[in-house]
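Structure at a glance
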Amino acid sequence: MTEKLPPKQALAAVIQALDGIWDTQRAVLALRVAGYEQTSDEAAGKAARGHLRALADDGLIVRPDPGQAVYQLA
């Protein structure tokens, strides 16, 4: 049995595997598929946005348009 990755690492792995444009909804879905279910949609969105910002701070993803909350691989 494999060990479950922390949510930020799980999201990073999915983003690297699937590429493309990532917004809050896509990140929430990816986290749910990875086994991270929040208590509400609001909590799920907040957590997903936090992980997306953290991955951007790490340099894995970038916001191509600073006016939109969407990300892509750096």
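Please refer to the structure placed before this passage.
Let me sum up the structure you'll find in this document. What you see is a predicted model; the values in this text were computed from it and never measured. (Residues numbered from 1 in each chain as written. Predicted model: local features only at pLDDT ≥ 70, side-chain atom pairs only at ≥ 80, totals over all residues. Heavy atoms only, no water.)

A closer look at the overall build of the chain
In terms of helices and strands, the chain carries 3 helices and 2 strands. Each helix and strand of the chain, placed in order from N terminus to C terminus, yields the pattern α-α-α-β-β. Taking 74 residues into account, the globule formula puts the C-alpha radius of gyration at 11 Å, and the chain, at 12 Å, falls close to it. Taking the principal axes of its C-alpha atoms as reference, the chain extends roughly 40 × 25 × 20 Å. The long-range share in the chain, meaning contacts at least 24 apart out of those at least 6 apart in sequence, stands at 48%. Just so you have it, the chain exposes about 4,900 Å², and 53% of that area is on carbon and sulfur atoms. Averaging the positions of the 8 positive and the 9 negative side-chain charges in the chain gives two centres separated by 3 Å. (Helix = DSSP H or I, 4+ residues; strand = E, 2+ residues; numbered from the N terminus. Rg over C-alpha atoms; globule rule 2.2 N^0.38 Å. Contact = heavy atoms within 4.5 Å. Areas by Shrake-Rupley, 256 points an atom, 1.4 Å probe, with all protein chains shown as cover. Lys, Arg positive; Asp, Glu negative; His and termini not counted. Charge placed at Lys NZ, Arg CZ, Asp CG, Glu CD.)

Quick notes on the nonpolar core
Grouped together as the largest cluster of nonpolar side chains are 17 residues, with contacts concentrated most on L11, I15, W22, L52, L55 and I61. Mapped by element, the contributors of at least two residues to this core are α1 (7-18), α2 (24-33) and α3 (41-57). Leave out the neighbours within four places in its chain, and W22 touches L11, V14, I15, A27, A30, L52, A69, V70 and Y71. (Core = buried A, V, L, I, M, F, W, Y, C linked by side-chain atoms within 4.5 Å. Buried < 20%, exposed > 50% of the residue type's maximum accessible area, 1.4 Å probe, protein only.)

Taken by themselves, the reported measurements are silent on function.
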